[in-house]
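Analysis of the macromolecular model
Residue strings, one per chain:
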Amino acid sequence: MNQQPHLNGYLSPDHPLSPRGLFADLPAGIRPVVTPKLTTIWEQDTATLPPALAKTRRWYRSFAERELRHGALSIDAAPHPEPGKIPPSLAALLKTAGREGMLTDLLPRPLGSASLGSYRYPLVWAQALRTEELGRVCAGQMLLLSAHSLGVIPIAFAGDLGAMRRFVLPAYRQSLAGDPHIFAFAITEPSAGSDAEEGHGASGRRPGTVAKRVDGGWSLQGRKVFISGGDIAKSITVFAALENEGIESWTCFLVTSDMPGFEVVRNELKMGMRASAAAEIAFHDVFVPDDHVIGKPRQGWAINRATLNASRYAVAGMGVGLAQGATEAAIDFACRTQLAGKALVNFQEVQLQIANMITETSAIRGMLWQAARKAYVARQDRSSMCKFHCTDRAVRVVEMALELMGNHGTLHDSGAEKIYRDARLTQIFEGTNQINRLAVIEDQQEQLLARIEHN
Amino acid sequence: MESLLEKEDLTIVLGEVRRFARGVVAANVERPEHALPRPSLDLLVAEATEAGFIPEAGEEPTGLWVDLDDPLGPTLSARTLETLASVNPGIAWTCHMRAMPVWLAQRLDAPEVLEGQETAVTLQGYYGLGRAALPRYLAGSELGHDDRAMLNDWLLPAQHDARRVVHAPAGFEAVLSPYFDGEAVRWVRQPIDALDPLPIGPTLGLDEVDAIALASNDAGTPLGPDDPEEARKIFAEALLIQSLALVAVGLGCLRHASELAREQAKTRIQGGRSIEHHPAVQSLLGSARTAVVVVDALLGGMAEGPLRANRIGDVFAARAEAHPLLCRGATDALQVFGGSGYMQDVGMEKALRDSQQLRLMGGTPGELERFVAEWERVR
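Residues numbered from 1 in each chain as written. Chains lettered and ligands numbered in written order. Predicted model: local features only at pLDDT ≥ 70, side-chain atom pairs only at ≥ 80, totals over all residues. Heavy atoms only, no water.

**Here's the deal with unusual backbone geometry**
- The linkage connecting R109 of chain A with the following residue, P110 of chain A, adopts the cis geometry, with an omega of 5 degrees.
- Tracing the chain through its elements places P110 of chain A in the loop between α6 (88-99) and α7 (123-137).
- Positive phi outside glycine occurs at D285 of chain A, with the angle close to 50 degrees.
- Position of D285 of chain A relative to the elements: it lies in strand β7 (residues 278-289).
- We note that R131 of chain B has phi near 40 degrees; this positive angle belongs to a residue other than glycine.
- Looking at where R131 of chain B falls in the secondary structure, it is placed in the loop between β1 (119-121) and α5 (133-139). (Helix = DSSP H or I, 4+ residues; strand = E, 2+ residues; numbered from the N terminus.)

**Overview of the nonpolar core**
- L220 of chain A together with W65, W187 and F235 of chain B are the most contacted members of the largest nonpolar core, which has 225 residues in total.
- The leading source of residues in this core is helix α7 (residues 228-267) of chain B, at 20 residues.
- Once you skip the residues sitting within four places of it in the chain, F235 of chain B turns out to touch L123, L134, Y137, L138, W154, L155, P178, V185 and W187 of chain B. (Core = buried A, V, L, I, M, F, W, Y, C linked by side-chain atoms within 4.5 Å. Buried < 20%, exposed > 50% of the residue type's maximum accessible area, 1.4 Å probe, protein only. Contact = heavy atoms within 4.5 Å.)

**What about the environment of G116 of chain B?**
- Within the secondary structure, G116 of chain B is located in the loop between α4 (89-107) and β1.
- It is 9.3 Å that separates the C-alpha atoms of G116 of chain B and E173 of chain B, two residues lying 57 residues apart in sequence.

**What about α4 of chain B?**
Residues and elements named next belong to chain B.
- Between its first and last C-alpha atoms α4 spans 26 Å; for 19 residues at 1.5 Å apiece the expected length is 27 Å, and the two agree.
- In terms of burial, α4 is largely enclosed, as 18 of its 19 residues are buried.
- Measuring from the backbone nitrogen of G90 back to the side-chain oxygen at the start of α4 gives 2.9 Å, which picks out N88 as the cap. (Expected span 1.5 Å × (residues − 1). Polar contact = N/O pair within 3.5 Å; in protein donor to acceptor, adjacent residues only side chain to side chain.)

**Section: a nonpolar patch on the surface**
- Side chains of L26, I30, V33 and V34 of chain A sit close together on the surface and give an oily, nonpolar patch of about 320 Å² of accessible area.
- Here V33 of chain A shows up in helix α2 (residues 31-34). (Patch = residues over 30% accessible without salt bridge, like charges linked within 9 Å, V, L, I, M, F, W, Y side chains within 5 Å. Areas by Shrake-Rupley, 256 points an atom, 1.4 Å probe, with all protein chains shown as cover. Salt bridge = Lys/Arg side-chain N within 4 Å of Asp/Glu carboxyl O.)

**Re the interface of chain A and chain B**
- Counting residues at the interface gives 50 residues for chain A, matched by 46 residues for chain B.
- Interface area lost by chain A to chain B is led by M271, E403 and N407 of chain A, which between them contribute 16%.
- Viewed at the interface, chain B and chain A are joined by three salt bridges.
- Inspection of the region where chain A meets chain B yields 24 residue pairs in polar contact (both at pLDDT 80 or more).
- Within the residue set of the side of chain A that touches chain B, elements represented by two or more residues are β9 (338-339), α13 (380-405), α14 (416-426) and α15 (433-443) of chain A. (Buried area = accessible area lost by both parts, 1.4 Å probe.)

**A word on the domain arrangement of chain A**
All names here are of chain A.
- Structurally, chain A comprises domain 1 (43-181), domain 2 (184-298) and domain 3 (302-445).
- Here the C-alpha centre of domain 2 lies 23 Å away from the C-alpha centre of domain 1.
- The partner domain 2 presents 27 residues to the 30 residues of domain 1 that form the contact.
- A buried area of about 2,300 Å², summed over both sides, lies between domain 1 and domain 2, and 69% of it is on carbon and sulfur atoms.
- A per-residue breakdown of the area domain 1 buries against domain 2 is headed by H80, P83 and F167, which together make up 25% of the total.
- Those elements giving two or more residues to the side of domain 1 that touches domain 2 turn out to be α5 (72-77), α6, α8 (139-157) and α9 (161-176).
- Partitioned by chemical class, the residues of the side of domain 1 that touches domain 2 number 18 nonpolar, seven polar and five charged. (Domains from an automatic or database assignment. Nonpolar A, V, L, I, M, F, W, Y, C, P; charged D, E, K, R; others polar.)

**Some thoughts on the pattern of salt bridges**
Residues and elements named next belong to chain A.
- Scanning all chains against the criterion turns up 54 salt bridges over all chains.
- Of the charged contacts in the structure, one is a salt bridge between D105 and R130, with a shortest N-O distance of 2.9 Å. Pair noted here: D105 is in the loop between α6 and α7 and R130 is in helix α7, with a separation of 25 residues, a long-range link.
- Judged by its relative accessible area of 3%, D105 is buried.
- For R336, the salt bridge identified is with D332, shortest N-O distance 3.1 Å. Here R336 and its partner D332 are both found in helix α11 (residues 300-336), four residues apart, which amounts to about one turn of the helix.

**What to know about the pairing of strand β4 (residues 185-191) of chain B**
Residue and element names in this part refer to chain B.
- Within β4, five of the seven residues are buried, which leaves the element mostly enclosed by the surrounding structure.
- Bridge analysis of strand β3 (residues 174-180) against β4 gives seven bridges, and the strand direction is antiparallel. Across the sheet, L176 pairs through a bridge with R189, a residue of β4.
- Counted between consecutive antiparallel strands, the loop separating β3 from β4 contains four residues, among which G182 sits at a positive phi close to 100 degrees. (Pairing = 2+ DSSP bridges.)

**Focus: the environment of K270 of chain A**
- For K270 of chain A, the location among the structural elements is in the loop between β6 (262-267) and β7.
- Classification of K270 of chain A as buried rests on a relative accessible area of 2%.
- Put simply, K270 of chain A and L38 of chain A are 232 residues apart on the chain and 42 Å apart in space, counted from C-alpha to C-alpha.
- With residues near it in sequence (within four places) discarded, K270 of chain A still touches H80, L143, S276, A277, A278 and L425 of chain A together with Y342, M343 and Q344 of chain B.

**A look at the packing of aromatic side chains**
- Tallied over the entire structure, the rule returns 14 aromatic pairs over all chains.
- Seen from their ring centres, F371 of chain B and W375 of chain B are 5.9 Å apart, and the 15 degrees between their planes marks the pair as stacked. Separated by four residues within a single helix, F371 of chain B and W375 of chain B lie in helix α11 (residues 365-378), roughly one turn from each other. Take F371 of chain B and W375 of chain B: they sit in the same class, and that class is buried.
- Just above the ring of W218 of chain A sits the side chain of R213 of chain A; from NZ or CZ to the centre is 4.5 Å. (Phe/Tyr/Trp six-rings, centres within 6.5 Å; stacked < 30°, edge-to-face > 60°. Lys NZ or Arg CZ within 6 Å of the ring centre and 35° of its normal.)

**Considerations on the domain arrangement of chain B**
Residue and element names in this part refer to chain B.
- Assigned domains within chain B: domain 1 (7-109), domain 2 (133-228) and domain 3 (230-378).
- Just the C-alpha atoms count here: the centres of domain 1 and domain 2 sit 25 Å apart.
- In this assembly, 12 residues from domain 1 lie in contact with 13 residues from domain 2.
- The junction of domain 1 with domain 2 conceals about 1,100 Å² of combined surface from both sides, 74% of it contributed by carbon and sulfur atoms.
- At the junction of domain 1 and domain 2, the tally comes to zero salt bridges.

**Section: the sheet that holds strand β2 (residues 164-168) of chain B**
Residue and element names in this part refer to chain B.
- Strand order in the open sheet made by the three strands is β2-β6-β5, with antiparallel pairing throughout. Two strands bound the open sheet, and with one partner strand each, they are β2 and β5 (198-199).
- Where β2 lies against strand β6 (residues 210-214), five bridges are found, and the strand directions are antiparallel. For H167, the partnering residue across the bridge sits in β6 and is A211.

And the structure:
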């Protein structure tokens, strides 16, 4: 006889046939093998991480719950801020994030805030954990705090220790002292779109942002669009072609927002991820001194591609976090909503939907972690596979959550509709998912050509 | 039944609707990032009424959902909504919501419900679509205790403080909603002030429409025929009309998004040529266009007249298939634009949000499929 509460269609945990008690009489040596501990999937997954990364994941979750949760819906519903007018709540968040090391975790202590233990593993793995945990709570605030890292990575990949010392370390010290110094990454141009993210398209393109040689440096002219955090960044890694040359001459310049001729033209009105502005920025003969060239002239395309190969793991992590957030919103709804005297979670069709969401989310997390744990070298094919597949499946999971919640899911307070609007961006930025599919094939090219010849 | 309408009549009327949509409505909604101000919306609705697209109370109403006994009547209404939605889905939905009380008042033989306060009809139950109880009720099966409890709670969830969400034209003052009295679905008209209205902030889509959460009670004079069979038919017909409206508005929305995407693909240059030549973009355009063609065919079947309650299984099945297609088409059309598609001033993100909103109103595809399964079993 069932003693304990149980969901409709299931035996109570104390029933003799329930999986909970089923193995109790098996031999002592076998019992631990067939009787898992009762823990959440999150705890189970965290336990599979190396201890340093498990600790890092717990830190990200605790920060997100403490600092991002309360403002997630209100910030999303607020009007878009004008350039340079960041809302006080987000300014406070950036300060806190800076002080607690959330803006400096690309480098290990004492240069940055990452633990030395986590540095034994690929950096992209920790970054994917970060975007997952922050994105699970609020993808807009996650982007506000994380697009910053995208602006720093080109400096690291240029392999220029001098530039790290001149630009990154002082900025990191500023942030840790509570004066956030934000970086941004600027590649996309008004007429370019995916050309900035894919070699074949780029080869035939006339660049729109151009650097002209002048005494002691370079003069930048042109525009960049959809620059995450471009409105508040103090330092921007800007990619520009050299005068009268094609995109193969792309060079990475560090532009600071106080340089004369730099302008934030406007912030876009976005569908979602509203806590982070997508800015249009303009360069009106901005003088950039020679020591602000990141790497060497004409290395920009390589630095850009290396940056994207690393950062696409983080976008995949956003997908996992958004799927997780949607799943939790749907489960919460199913447990608190009553229909005909029963919580919705008692209905089999609801149970099936929840099982699908949990499983899809676990599957993309597994794919990402599997790739990221070996990503000491950030492979283009692996990072692009993770980016497009995790984000496509994440949007599908969010749609499932909306479906479960029905017309309640359309309400802002449900949280799910925001997650849907946020998630849709992950299929577009850092290369549309179509471009990322092509990137997988580009990386497989030699093998495919060999098979053609073999046949 | 012989049609009083000729196919040429449809062409003429829909031509007028098209001229109205492109000449009058489009001028008001050319900036999709700005929600249409209430006075402009009221003016548009007044003009649509004046033009005869929205019926008014009276002896000879014309417009949406008026000639449903005519074989071509449902098609005319559905295609009218589709045409309006190809310019703005929210305005099309508003027109539908303005027309519904006129149809229902006539069907309930209760013209008094159109007097006084501006009334909206809502069919949105508290959650879902009444699970298996609804098809059993509509098929005339004997209902068990659980079925009655489900129908009662779905339509009138007073016992656990749940609220129904109503998406209706801005400023409506009363709501005409169904409830289950243990034997049949009846109707009651109530001022929304009596239902503790809670305005809801922004919703996923249909920015032009208000969303309000209402408490439930059955205070008021029951409306509708005494005959339970006739009451069942009226409720089924109301659900049919709503299904037609949701799919028609969704189709108009996607038709527009698909055309915008095609134009974008023609003019946008990447890799040295317009992106319409890239197979990756062609797949997206093809997906959007395929969804338009397939849903157009589905809507054609759904709208075959005259409107008959016993077609509800087929109509729900078609709607269950249509909405995922519409959403897929809308998201693929947006993807053609890349980053700019995500920005509000382009209008593609609104098309996607509207498509998703329509998928989730009045029963989701999964709920419709479960309805169909039970309907097939019991009818």
